[in-house]
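# Descriptive analysis of the structure
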Amino acid sequence: MEKKELLYEGKAKKVFTTEDPDVLIVSYKDDATAFDGQKKGTIVGKGAINNRMTNHVFRLLEKEGVPTHLVEELNDRETAVKKVEIVPLEVIIRNFSAGSFAKKMGMEEGILLKCPTLEFSYKNDDLHDPFINSYYALALDLATQEEIDVISKYAFKVNEVMRDYFAGLGIELIDFKIEFGRFHGEIILADEVSPDTCRLWDKETHEKLDKDRFRRDLGNVEDAYQEVFKRLGIQ
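Overview of the structure. (Residues numbered from 1 in each chain as written. Predicted model: local features only at pLDDT ≥ 70, side-chain atom pairs only at ≥ 80, totals over all residues. Heavy atoms only, no water.)

### Remarks on helix 1 (residues 46-63)
Taking 1.5 Å of rise per residue, 18 residues should cover 26 Å, and helix 1 covers 26 Å from first to last C-alpha, within 8% of that figure. Within helix 1, 14 of the 18 residues are buried, which leaves the element mostly enclosed by the surrounding structure. Immediately beyond the C-terminal end of helix 1, within one or two residues, lies G65, with a positive phi of roughly 90 degrees. (Helix = DSSP H or I, 4+ residues; strand = E, 2+ residues; numbered from the N terminus. Expected span 1.5 Å × (residues − 1). Buried < 20%, exposed > 50% of the residue type's maximum accessible area, 1.4 Å probe, protein only.)

### Some thoughts on the packing of aromatic side chains
Per the counting criterion, the structure on display carries two aromatic pairs. Relative to F180, the ring of Y154 has its centre 6.5 Å away and its plane inclined at 20 degrees; by these criteria the two rings are stacked. Of this pair, Y154 sits in helix 4 (residues 145-167) while F180 sits in strand 12 (residues 171-183), and the two are 26 residues apart along the sequence. For the pair Y154 and F180, a shared accessibility class is recorded, and that class is buried. Stacked on the ring of F131, the Lys or Arg K104 has its end atom at 4.4 Å from the ring centre. (Phe/Tyr/Trp six-rings, centres within 6.5 Å; stacked < 30°, edge-to-face > 60°. Lys NZ or Arg CZ within 6 Å of the ring centre and 35° of its normal.)

### As for helix 6 (residues 221-232)
Owing to its 3.6 residues per turn, the α-helix brings residues three or four apart onto one side. Compared with an ideal rise of 1.5 Å per residue, which puts twelve residues at 16 Å, helix 6 spans 17 Å between its outermost C-alpha atoms and is within 8% of the ideal. Those residues of helix 6 that fall on the buried side of the exposure criterion are V221, A224, Y225, V228, F229 and L232. Each buried residue of helix 6 lies within a common arc of 135 degrees when the element is viewed along its axis, so the set occupies one face. What points out from helix 6, more than 90 degrees from its buried face, is the exposed set D223 and K230. Check the buried side of helix 6 and you find it contacts helix 1, helix 4, strand 12, strand 14 (198-202) and helix 5 (212-215). Two residues or fewer after helix 6 comes G233, characterised by a positive phi angle close to 65 degrees. (Arc of directions from axis to C-beta. Contact = heavy atoms within 4.5 Å.)

### Some thoughts on the side chain of D30
Turning to its location among the elements, D30 is positioned in the loop between strand 3 (23-28) and strand 4 (31-34). Among the polar contacts listed, one links the side chain of D30 to the backbone nitrogen of G45, at a separation of 3.2 Å. Here R77 takes part through its side chain, which lies 3.0 Å from a polar atom of the side chain of D30. (Polar contact = N/O pair within 3.5 Å; in protein donor to acceptor, adjacent residues only side chain to side chain.)

Here's what the structure looks like:
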């Protein structure tokens, strides 16, 4: 499978067309951004780690009944994926208080929530991805009720599978953001699962092993990404 035209370039990935109208090639970059692109930098090796980790986790999820856009891993940085129409909702699941949630709720970080929470943001860079609920999503025609129900069901399933999986690696899944797309009328998991999109803390030390090290200038960013990748044991 070969790259044709550059279809889109985002903060962390480039997307190319292929000879198959239903398949795209995603190429992961080492570029890092935070705070709506106000902070920019490079995390060496991030692209390869995020690509391979996403594919590894997506394979696990597919075995557990969550359909994904994964077609084939082409090399360390590139993967063939199904061409989806992205549902413009960022779907966030939280198991512990952290980040904006902790700030909004006046909580310390790291407090175990009584149950996992689900929230939506409207995927719109110009508006800085505002927090919305399902009624907003329906009113703005971002998704149907049926799609929201499927997305919610899959999101909690993703959390269940990933939380158990990471726990086995000595990692606490604090929270994460995922996205879904429409592929021939079916809702499937798209985008990525990586230290860019998940908060991952060491279970014993509570050391942050994710993009917060970049956001908050904590240092050792590359080491944190490498540590997660090492624990995944991907060959």
